[in-house]
Amino acid sequence: MRITAAVVEELHGPFVVREVEIDEPGPGDVLVEVAGTGFCHTDGIARDGDLPFPLPGVLGHEGAGTVVAVGEGVTGVREGQAVVLGWPSCGACRNCQAGQPRYCLRMGELVGGGHRLDGASALRTTDGAPLSSHFFGQSSFATHAMTTASSLVPVPEGLPVEIAGPLTCGLATGAGAVLNTVRPEPGTSIVVYGVGTVGLAAVMAARNSAATTIIAVDRHASRLRLASELGATHTVDATDTDAVQAVTDICGGPADAALECTGVLPVIRQAIDSVGMLGTAVLIGGAPAGAEFTADHLTTLWGKTIRGTLGGSGHGQALIAALMDLHLQGRFPFDRLVESFPLERIEDAVEASYSGEVVKPVIRMGG
Ligand SMILES: [Zn+2]
Ligand SMILES: [Zn+2]
């Protein structure tokens, strides 16, 4: 079948919108007509080679849309169903079996292999030349995406499917860091470094928890304002302030938990230094490949935990479903982060994301 996709031809190359061919769904496949796909920095990282993905190919991993065809053996998903395309997992490895599919041992292949887990790519050019597919199991910068039934999450009535895609990655990552990793006890203090999509999702999740001090740190005044509106009890503009000192002043000592959402090495150090005895620093933001960070040895001995998290940890499906319900109840207003761009303007969306002008661009496939 002929579809339209944003193809990246080579490392650092632009997104070129053109027609490509997609397979009919094979055994276990689900074909989704994409309504909208969020642009995430991970797409940019893959285009630039920091996350390996064979090019030419189609990126996009925050898709949502409508099921239009299912392959042999697929149950539990029907044509016409509105779905979010979640992260893929093999379902069979030790971590998947232990209820941690975000840490599937085959994650590398699943997100960046460029093809189905046990097979070929689903995409090719109109001349029949190979194109990589299945980026994060979906390659959804396209009007249609081939995925698997096990990664799909149904979208409830009342939630616009075209903006639901970012729930699968950026929003789940920030919210899950709070709800699955920190799990705030009553009175917990949390500081969030960097309030883009991930950090703002963390703020909104913390607002839905028993945390009573929620501090947002950023350099963009507009984002700090938004953080306040979405649940931050305090904000710190790090442009000309010592953020660690500001956090200490607000909390009357170190914070209980720090979420690092920037991937900037000096900020990682600030996040670690913001928590004290028995505190937890959660590393979320992606630094460039090969980056190393340092921590103070003595204060780390004080029962401090420094831990990483991917995609919000836990069962993505359960988390995404909960975030959709919270949204419908007015308790997770992620639509305030979203601005839509038609597929033809995908490069404008990328630029708006990098400049900080738009928190979460969503590429709309319907024009
Ligand atoms: Zn697995
Ligand atoms: Zn992402």
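Attention in this report is confined to the structure presented alongside it. (Residues numbered from 1 in each chain as written. Chains lettered and ligands numbered in written order. Predicted model: local features only at pLDDT ≥ 70, side-chain atom pairs only at ≥ 80, totals over all residues. Heavy atoms only, no water.)

**Observations concerning unusual backbone geometry**
Right, so step 1: A cis amide bond, omega 5°, links Leu55 with the succeeding residue Pro56.
Right, so step 2: Within the secondary structure, Pro56 sits in the loop between helix H1 (41-47) and strand S4 (57-58).
Right, so step 3: Notably, His12 is not glycine yet its phi reads approximately 65°, a positive angle.
Right, so step 4: Relative accessible area serves as the criterion here: at 55%, His12 is assigned to the exposed category.
Right, so step 5: Non-glycine residue Ser139 carries a positive phi angle of around 50°.
Right, so step 6: By secondary structure assignment, the location of Ser139 is in the loop between strand S8 (130-131) and strand S9 (144-148).
Right, so step 7: Classification of Ser139 by relative accessible area gives buried; the value is 3%. (Helix = DSSP H or I, 4+ residues; strand = E, 2+ residues; numbered from the N terminus. Buried < 20%, exposed > 50% of the residue type's maximum accessible area, 1.4 Å probe, protein only.)

**Here's the deal with the environment of Ser132**
Right, so step 1: For Ser132, the location among the structural elements is in the loop between S8 and S9.
Right, so step 2: In this structure, the C-alpha to C-alpha distance between Ser132 and Gly303, residues 171 residues apart in sequence, is 45 Å.
Right, so step 3: When neighbours within four sequence positions are excluded, Ser132 is seen to be in contact with Phe53, Pro54, Pro56, Gly57, Val58, Gly114, Ser121, Leu123 and Ser139. (Contact = heavy atoms within 4.5 Å.)

**A few points about the coordination of the zinc ion (ligand 2)**
Right, so step 1: Coordination sphere of the zinc ion (ligand 2), protein contribution only: Cys40 (SG), His61 (NE2) and Cys169 (SG), at 2.1 to 2.2 Å.
Right, so step 2: For the zinc ion (ligand 2), the donor residues sit on a single chain with the sequence spacing C-x20-H-x107-C. Taken as a pair, Cys40 in the loop between strand S3 (29-38) and H1 and His61 in the loop between S4 and strand S5 (63-70) lie far apart in primary sequence, 21 residues in all. Here Cys40 matches His61 in class, with each residue buried. (Donors = N, O, S within 2.8 Å, 3.2 Å for Na, K, Ca; no water.)

**A closer look at the coordination of the zinc ion (ligand 1)**
Right, so step 1: Bound to the zinc ion (ligand 1) are the protein donor atoms Cys90 (SG), Cys93 (SG), Cys96 (SG) and Cys104 (SG), situated 2.3 to 2.4 Å from the metal.
Right, so step 2: Taken together, the four donor atoms coordinating the zinc ion (ligand 1) and their angles of 103 to 119° define a geometry best described as tetrahedral.
Right, so step 3: Motif for the zinc ion (ligand 1), donor spacing along one chain: C-x2-C-x2-C-x7-C.
Right, so step 4: Given a relative accessible area of 4%, Cys104 falls into the buried group. (Tetrahedral: all angles 85-135°; square planar, octahedral: opposite > 155°, others 65-115°.)

**A closer look at the sheet that holds S8**
Right, so step 1: Strand order in the open sheet formed by five strands is S4-S1-S2-S7-S8, and the pairing between neighbours is antiparallel. Here the strands that pair on one side only, and so sit at the sheet edges, are S4 and S8.
Right, so step 2: Across two bridges, the pairing between strand S7 (residues 123-125) and S8 is antiparallel. Note on S8: the bridge partner recorded for Leu123 is Leu131. (Pairing = 2+ DSSP bridges.)

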